[in-house]
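A look at the structure
Read off the chains here:
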Amino acid sequence: MCGIVGAIADRDVVPVLIDGLKRLEYRGYDSAGIAVIDGDDVRRVRRTGRVAEMENAAAQENFHARLGIGHTRWATHGGVTETNAHPHISFGELAVVHNGIIENHEQQRDRLRAEGYVFESQTDTEVIAHLIHFHQKRGLDLLAAMQTAVRELEGAYAIAVVSKREPGHLVAARMGCPLLVGLGDGENFVASDVSAIVQATRRVIFLDEGDTADVTRESVRIFDASGTPIEREVHVSDVSLASLELGPYRHFMQKEIHEQPRAVADTIEALMDDGKFTAELFGKDAGEVLRDVEGVQILACGTSYYAGLTARYWIEAISGLPCTVEIASEYRYRDVYANPKNLIVTISQSGETLDTMEALKYAKSRGHEKTLSICNVPESAIPRASKLVYYTRAGAEIGVASTKAFTTQLVALFTLTCTLAKLQGRLDGAQELAYIEALRQLPGSVQHALNLEPQIVAWSERFAPKQHALFLGRGVHYPIALEGALKLKEISYIHAEAYPAGELKHGPLALVDEAMPVVVIAPNDALLEKVKSNIQEVRARGGEMFVFTDADSRFGESEQVHVIRTPRHVGVLSPIVHAIPVQLLAYHAALARGTDVDKPRNLAKSVTVE
Ligand code: G6P
């Protein structure tokens, strides 16, 4: 969703801002803009569409400055127009960029109108600009004016502000949305995401909830929510530049699909080094937290939710603990049953999905202290609010449609399952060794699944002209069918539904005819024969089936039934391997339809609003 970058330096910061915004493009946005302090002027350029268009406009208008802020906007309040794009300016004096949503913007707007302020956009952000200006006019300096203004705001925000009255300062504030300060040499930065400034510096300070910052070229002062100066730790980011570059690939999604053997191997590296499941994999004090767990409650959104649904099958079967999985946006508004002995597991690639964060806060407010975050972004908000953390090591995921984050989440969740099982006394030494060995073989099995790509390309050509598709799975492969349908609809815009195959006759069978492709995830497991009977129901109605199975399944092919086999049967880890072909199918179907694979319409990578 929205992204922020700001810079103060003794060189032209416009290229830094534009480069930063390009690196934030992956989050999803529909307009972009920058504002700079140039001598006595606040200059601004904004465009709907891509950052590249805004960059051209800035070049034509000869933008150069040593202080500036930039923004990519994903419309919430007000349509996708240049007037609504950030930065917003008050009285030609100060400019603001903002991520998040101000809930009391209407009251503040009325109050400011009464003070003579005129609003030109429909955004809540313009309220912030005028409010800071209002306090500045009363005699406060820029920092104090911003600190006073944010105390009057309700909602979530990360903001960065520049003013021509104080050209040596870049000020920023954070509440509910991520924001960090980047420390350079004689120059400093602010950004909502470290990838925006990684070319300039890797030394960063993550602002805490309620923090404000006063950033000059030579200094950074941080204040906590009460306005007291505070020291925050400096982190050195290990985001790799290579993970932010496309390399030889056509799309980030394609690159990220192909990175999965490495991502899976990295995610289990510590486990492989130890050669056993230990609570310490989840943090220093994890033994204490996990020992007497009575059940598991998983909370997540989107693809991460499907990772949770998969894990439920493992957790109940292997650890014997009851497990429920709920969409975070539902959980947070329900009067939930709370057992403080249950482990709350949030799963989030970005670590900043607002609904997941709020669900976690809600669980804590209901007495849950045992909290674990499975997350791909170090130091992001959700792991910081959790007692335990397991970082997936997928590396930066840029494509909006999640791929390598999903498979690494599954690996983390399987590791959690086995650790809980061991603590419950349900995992004997031989079984533990067998699971460790299965995980050790997993990157190779994932690579074998990737090698199926040419066959999947051939299938995708048949999919491209379709309007609808049905995905079926059973047991632990049902969530993989859900994920396959989600991938297909997200990036190819083909309407897709997923059902547990046994449910077919209770409704979706009515949809089956020659025009409806039916994708079946059917590896050789205890439910294979059941799936085969379900498939007969489709066949009898003229449906065309595309079956992903494995080497051991003895699936018959016919004119109506097409089969692709993953070369190895990997037992309990089979859903991880079967996630690969459905990702590839969605990718190639989207390619054939010519959609914007990495930035599908209307979707954002990190959903930081409700
Ligand atoms: C958005 C993304 C999805 C992602 C979901 C949850 O919808 O487009 O790919 O699965 O958010 O995101 P999270 O970062 O919490 O895993």
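Starting afresh in each chain, residues are numbered from 1 along the sequence in its written order. It should be noted that, the model being predicted, local features are given only for residues of pLDDT at least 70 and side-chain atom pairs only at 80 or more, the latter also being counted only at that level, while totals for whole chains, interfaces and linings use all residues. Hydrogens and waters are ignored; side-chain quantities use all the structure's heavy atoms.

Brief notes about the layout of surface pockets
Roughly 890 Å³ of volume is contained in the largest pocket. Considering the residues around the largest pocket, the lining is formed by 44 residues, among which Asp238, Val239, Asn376, Val377 and Pro378 are closest to the centre. Of all elements in the fold, only β11 (203-206), β14 (235-236), α6 (241-244), α8 (260-267) and α14 (381-384) reach the threshold of two or more residues within the lining of the largest pocket. Secondary structure elements are defined from DSSP: runs of H or I of at least 4 residues count as helices, runs of E of at least 2 residues count as strands, and each element is numbered from the N terminus. Among the elements that line the lining of the largest pocket, the one with the most residues is α6, at 3 residues. For each structure, a 1 Å grid was placed over the protein atoms alone; sets of points admitting a 1.4 Å probe that cannot get out are labelled cavities, open sets with protein on both sides within 12 Å along at least five of seven lines are labelled pockets, and lining residues have an atom within 4 Å of a point. Grid points are joined across faces, edges and corners, and a volume is the space filled by probe spheres set on the points.

With respect to the packing of aromatic side chains
Each Phe, Tyr or Trp ring (for Trp, its six-membered ring) is paired with any other whose centre lies within 6.5 Å, and the angle between the two planes then decides the class: stacked below 30 degrees, edge-to-face above 60, tilted in between. Inspection of the entire model under this criterion finds 9 aromatic pairs. Arranged with centres 5.1 Å apart and planes meeting at 80°, the rings of Trp314 and Phe414 form a pair that is edge-to-face. With Trp314 in helix α11 (residues 302-319) and Phe414 in helix α15 (residues 404-423), this residue pair connects regions lying 100 residues apart in the sequence. The buried label applies to any residue whose accessible area, calculated with a 1.4 Å probe on protein chains only, is under 20% of its type's maximum; exposed applies above 50%, and partly exposed to all values in between. Accessibility expressed as a relative area gives 2% for Trp314, which makes it buried. For Phe414, a relative accessible area of 0% translates into the label buried.

With respect to the pattern of salt bridges
Salt bridge, as applied in this entry: a Lys or Arg side-chain nitrogen positioned within 4 Å of an Asp or Glu carboxyl oxygen. Per the stated rule, a full pass over the model turns up 38 salt bridges. Salt bridges here are not isolated pairs; linked through shared partners, they connect Lys255, Glu259, Arg262, Asp266 and Lys404.

Focus: empty space enclosed by the protein
In this structure the tally under the stated criterion is 1 cavity of 30 Å³ or more. The computed volume of the largest cavity comes to approximately 110 Å³. Cys2, Trp74, Thr76, His86 and Gly100 are, among the 14 residues lining the largest cavity, the residues nearest its centre. Tallied by class, the residues present in the lining of the largest cavity amount to 4 nonpolar, 8 polar and 2 charged. Just so you know the grouping, Ala, Val, Leu, Ile, Met, Phe, Trp, Tyr, Cys and Pro go in nonpolar, Asp, Glu, Lys and Arg go in charged, and all remaining residues, Gly too, go in polar.

Things to note about α15
Multiplying one less than the number of residues by 1.5 Å gives the expected span of a helix. Across its 20 residues, α15 extends 29 Å between first and last C-alpha, which sits within 8% of the 28 Å expected from 1.5 Å per residue. Of all the 20 residues making up α15, 18 are buried; the element is thus mostly covered by neighbouring parts of the structure. In the segment just after α15, Gly425 is the residue with positive phi, at about 75°.

Points about the domain arrangement of the chain
The accessible area lost on association of the parts is a frequent measure of interface size. Domain annotation of the chain identifies domain 1 (3-244), domain 2 (252-442) and domain 3 (453-593). Using C-alpha coordinates to define each centre, domain 2 is positioned 26 Å away from domain 3. Facing the 26 residues of domain 2 at the interface are 23 residues of domain 3. On the domain 2 side of the interface with domain 3, the three residues burying the most area are Met253, Tyr306 and Tyr313, jointly 24% of the side's total. At the junction of domain 2 with domain 3, the criterion picks out 0 salt bridges. The definition of a polar contact used here is a pair of N or O atoms within 3.5 Å, where within protein one atom must be able to donate a hydrogen and the other to accept one, and adjacent residues in sequence count solely through side-chain atom pairs. Joining domain 2 to domain 3, the criterion identifies 8 residue pairs in polar contact (both at pLDDT 80 or more). A domain assignment, automatic or from a database, supplies the domain bounds used here. Residues count as neighbours in contact if any of their non-hydrogen atoms are within 4.5 Å of one another. Accessible area that two parts lose when put together, evaluated with a 1.4 Å probe and summed over both, is termed the buried area.

Considerations on the nonpolar core
Among the buried residues, those of types Ala, Val, Leu, Ile, Met, Phe, Trp, Tyr and Cys that are joined through side-chain atoms within 4.5 Å form a nonpolar core. One finds Val345, Leu439 and Phe471 to be the most contacted residues of the largest nonpolar core, which totals 90 residues. Summarising the domain contributions, this core has at least three residues from each of domain 2 (252-442) and domain 3 (453-593). In this structure, Val16, Ile34, Ala58 and Leu180 belong to the second largest nonpolar core, which totals 35 residues.

Overview of the sheet that holds strand β5 (residues 88-90)
By this definition, two strands are paired if DSSP reports at least two bridges between them. Taken in spatial order, the 6 strands of this open sheet run β5-β6-β7-β8-β12-β13, and their pairing is antiparallel. Two strands in the sheet have a free side with no partner beyond their single neighbour: β5 and β13 (220-223). Neighbour to neighbour, the strand axes of the sheet diverge by 20° on average, direction disregarded. Across 4 bridges, the pairing between strand β7 (residues 155-163) and strand β8 (residues 170-175) is antiparallel. Bridge pairing in β8 links Ile159 to Ala173. Comment: axis = line fitted to C-alpha atoms, over the contacting stretch for helices; angle = value between 0 and 180 degrees taken between N-to-C directions. On the sheet, helix α4 (residues 125-137) packs against β5, β6 (94-102) and β7 and is oriented at approximately 130° with respect to β6.

Some remarks on the pairing of strand β9 (residues 180-183)
Residues Leu180 and Gly182 of β9 are buried on one face, and the alternating residues Val181 and Leu183, pointing to the opposite face, are buried as well. Bridge count between β9 and strand β10 (residues 188-191): 4 bridges; the pairing is antiparallel. For Gly182, the partnering residue across the bridge sits in β10 and is Phe189. The antiparallel pairing of β9 with β10 creates a hairpin that spans 4 residues between the two strands, and Gly186 there sits at a positive phi of about 70°. Taken together, the 3 bridges between β9 and β11 define a ladder with antiparallel strand orientation. The partner of Leu180 across the bridge, within β11, is Phe206.

Let's talk about the site of the ligand
What makes a residue near a molecule or strand is one non-hydrogen atom of that residue sitting within 4 Å of it. Neighbouring the ligand are 13 residues; Ser304, Ser348, Gln349, Ser350 and Thr353 lie closest to it. Within the backbone of Thr303, a nitrogen or oxygen atom sits 3.0 Å from an oxygen atom of the ligand. Its atoms largely coinciding with the cavity grid, the ligand occupies the second largest pocket. Top contributing element to the shell around the ligand by residue count: α11, with 3 residues. In this description, a molecule resides in a pocket or cavity if more than half of its atoms sit within 2 Å of the grid points defining it.

Some thoughts on the environment of Pro500
Within the element layout of this structure, Pro500 appears in strand β21 (residues 495-500). When residues no more than four places from it in sequence are discounted, the contact partners of Pro500 are Gly473 and Tyr478.

As for the packing of α15 against helix α16 (residues 429-450)
Any two packed helices are characterised by the angle at which their axes cross and by the distance between the axes. At a closest axis distance of 11 Å, the pairing of α15 and α16 adopts a crossing angle of 170°. The angle between the axes of α15 and α16 places the two elements in the roughly antiparallel class. Contact residues: α15 offers Val411, Phe414, Thr415, Cys418 and Lys422, while α16 offers Glu432, Tyr435, Leu439 and Leu442. Taken together, the residues that form the contact of α15 with α16 break down as 6 nonpolar, 1 polar and 2 charged. The scheme is simple: roughly parallel for angles under 35 degrees, roughly antiparallel for over 145, roughly perpendicular for 65 to 115, oblique for anything else.

Thoughts on the packing of helix α18 (residues 478-492) against helix α20 (residues 574-593)
For the pair α18 and α20, interaxial distance at closest approach is 9 Å and the crossing angle is 20°. Relative to α20, α18 is oriented roughly parallel. α18 and α20 meet at a crossing whose hand is right-handed. Residues Ile480, Gly484, Lys487, Leu488, Ile491 and Ser492 of α18 pack against Pro575, His578, Ala579, Val582, Ala586, Tyr587, Ala589, Ala590 and Arg593 of α20. A class-by-class count of the residues in the contact of α18 with α20 yields 10 nonpolar, 3 polar and 2 charged. By definition, any crossing whose near helix is turned counterclockwise from its far helix by less than a right angle is left-handed, and any crossing with a clockwise turn is right-handed.

Digging into unusual backbone geometry
For residues other than glycine, phi is negative in most cases, and the peptide bonds are mostly trans. The linkage connecting His86 with the following residue, Pro87, adopts the cis geometry, with an omega of -5°. Inspection of the secondary structure puts Pro87 in the loop between β4 (67-73) and β5.

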